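# Descriptive analysis of the structure
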Amino acid sequence: MPTNVTAEYLAAEEEYRNARTIPEKIRALEKMYATVPKHKGTEKLRLQIKRKLAELRKELEKQRQMKKGGGGPSLSVRKEGAAQIVLAGLPNVGKSSLMKALTNVDADVADYAFTTVEPIPGMMHHKDVQIQLVEVPGLVEGAALGKGMGPQLLSVIRNADAVAIVVDLSQDPVKQLETLLKEFERAGIKLNKRRPRVEIKRTAMGGIVINGQENIKGDISEVMKMLREERIHSAEITVKEPVTLEDFADALDESLVWRRAIIIANKGDAPGSKENYEKLVEAYGDRFKIIPVSAKRKIQLDKLKDELYELAGIIRVFTKSPGEEPAYPPVPLKKGSTVMDLAERIHKDFAKNFRYARVWGKSVKFPGQRVGADHVLEDGDIVEIHAR
């Protein structure tokens, strides 16, 4: 152990030694990780704590799955529409009012906490596309460690395509967000971050081969130790960008999910909301796009719909037959989709017998340009597929 750790770290370490349950151990390790000094000498210590936290999260989830198998409660929302976005926040921040205003779903609205007791799905129609919104009941501190229905609610959030965090501007929004982000982190949900570009292909033999080893900023023996702990003894690993040891640990951790997120700052018409909004922007404006709204007075809801559409990460593509007008409605696809993705969506025969396509729109240099199957499409493109 480094000799220059803080008194807070030593207290947290003692708390960990005395912990008896997994939630107690996780809380203590989080304190250790937050208080250990961050420099070259503590790099291995920080990595050890992070790996132990990941191990305990998996153990906690395994215990929950065993309970679920014995008849414990579970929640799930079947995905519909072009994308699924969850509305998540603390109790009584106005999620139900937002759902009602955005989707016209018949949600209970009241001025007390826990009005919503299970996830409520609804469809938001915007720009010719149906996007599924799911209101998740209010999360509380300790949700990821088993409090209330926290683990089940966080499981719904993990399964969604994106997250819209709802905060209440009539209360301290920074404190609300700190509570929520801690629970997301505990649940292995990484918001507005991306998985490190480390590709791992297991092989039958040949041992460990690391391509791009110069991109690993740390002791390679620690990398080999991590691989052994994950029971990876033969694999080809390609490191495509500079990564720290902690980045490499994240790339190995299959329990993590990576999701896009925005913040909906609700009750923007409440007394003190302007000051609280500015406080929120100062604390989190670099990491999240923040949209101030009032669900009650329907302020900025059109702007919010635009931002939710953008958050969904989809494009609209119109199809047409030779000599005819584009068909309606458009086909929603994920950003980065190709002509072949569109062909497969329309019918397997179009994909199987594909010859070429003509495209009109932003993705081509001139109208009606002839393109191949791997051409990447953009929002609003019109595509005419030619098959054998």
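Residues numbered from 1 in each chain as written. Predicted model: local features only at pLDDT ≥ 70, side-chain atom pairs only at ≥ 80, totals over all residues. Heavy atoms only, no water.

### A word on the domain arrangement of the protein chain
By a widely used convention, the size of an interface equals the accessible area lost when the partners come together. Domain boundaries in the protein chain define domain 1 (7-68), domain 2 (83-192 + 260-312), domain 3 (198-252) and domain 4 (315-387). Look at where the C-alpha atoms of domain 1 and domain 2 centre, and you get two points 28 Å apart. Facing seven residues of domain 1, the contacting portion of domain 2 comprises eight residues. With both sides pooled, the region where domain 1 packs onto domain 2 buries about 630 Å², and carbon together with sulfur makes up 52% of that total. It is Glu30, Arg57 and Arg64 that lose the most area in domain 1 upon contact with domain 2, and together they represent 60% of the buried surface on that side. Our count for the contact surface shared by domain 1 and domain 2 stands at one residue pair in polar contact (both at pLDDT 80 or more). Looking at the side of domain 1 that touches domain 2, the elements that each hand over two or more residues are helix H2 (22-35) and helix H3 (43-69). When residues in the side of domain 1 that touches domain 2 are grouped by element, the largest group, four residues, is from H2. Split by residue class, the side of domain 1 that touches domain 2 holds three nonpolar, no polar and four charged. (Domains from an automatic or database assignment. Contact = heavy atoms within 4.5 Å. Buried area = accessible area lost by both parts, 1.4 Å probe. Polar contact = N/O pair within 3.5 Å; in protein donor to acceptor, adjacent residues only side chain to side chain. Helix = DSSP H or I, 4+ residues; strand = E, 2+ residues; numbered from the N terminus. Nonpolar A, V, L, I, M, F, W, Y, C, P; charged D, E, K, R; others polar.)

### Notes on the UniProt feature "coiled-coil region" (unreviewed entry) in the protein chain
Within this structure's numbering, the places UniProt gives as "coiled-coil region" (unreviewed entry) are residues 39-66. Segment residues 39-66 splits into 86% helix and 0% strand. End C-alpha atoms: 40 Å apart. (UniProt positions renumbered as here; feature names shortened; annotations may be inferred.)

### A word on helix H5 (residues 150-159)
Most of H5 sits inside the fold, with seven of its 10 residues counted as buried. Along H5, the residues that are buried comprise Gly150, Pro151, Gln152, Leu153, Leu154, Val156 and Ile157. (Buried < 20%, exposed > 50% of the residue type's maximum accessible area, 1.4 Å probe, protein only.)

### Some words on the environment of Glu178
Within the secondary structure layout, Glu178 lies in helix H6 (residues 173-186). The class of Glu178 is partly exposed, set by a relative accessible area of 45%. Expressed as a C-alpha distance, the spacing of Glu178 and Glu141, which sit 37 residues apart in the sequence, is 10.0 Å.

### Section: the sheet that holds strand S6 (residues 198-202)
Strand order in the open sheet formed by three strands is S6-S9-S7, and the pairing between neighbours is mixed. Each end of this open sheet is capped by a strand with a single partner; those strands are S6 and strand S7 (208-211). Each neighbouring strand pair of the sheet contributes to a mean axis angle of 15°, computed without reference to strand direction. Relative to strand S9 (residues 235-239), S7 runs parallel, the two being bridged by four bridges. Bridged to Asn211 within S9 is Thr238. (Pairing = 2+ DSSP bridges. Axes fitted to C-alpha atoms, helices over the stretch in contact; angles between N-to-C directions.)

### Description of the sheet that holds strand S14 (residues 331-334)
Spatial strand order, S14-S13-S17-S15-S16: five strands in an open sheet with mixed pairing. Of all the strands in the sheet, just S14 and strand S16 (369-371) have a single pairing partner and so form its edges. Going from strand to strand, the sheet's axes swing by 40° on average, the running direction of each strand aside. For strand S13 (residues 314-319) and strand S17 (residues 382-387), the ladder comprises two bridges, and the chain directions are parallel. What sits directly across from Phe318, in S17, is Ile382. Packed onto the sheet, helix H11 (residues 339-346) meets S13, S14, strand S15 (354-360), S16 and S17 and runs at close to 130° relative to S14.

### As for the packing of helix H7 (residues 220-229) against helix H8 (residues 245-252)
The packing of two helices is summarised by the inter-axis angle and the distance between the axes. The N-to-C vectors of H7 and H8 enclose an angle of 20°; their axes lie 11 Å apart at closest approach. Regarding the angle of H7 to H8, the classification is roughly parallel. The hand of the H7/H8 crossing is right-handed. Here H7 contributes Glu222, Val223, Met226 and Leu227 to the contact with H8, which in turn contributes Leu245, Phe248, Ala249 and Leu252. Here the residues of the contact of H7 with H8 sort into seven nonpolar, no polar and one charged. (Parallel < 35°, antiparallel > 145°, perpendicular 65-115°, else oblique. Left-handed = near helix turned anticlockwise from the far one by under 90°.)

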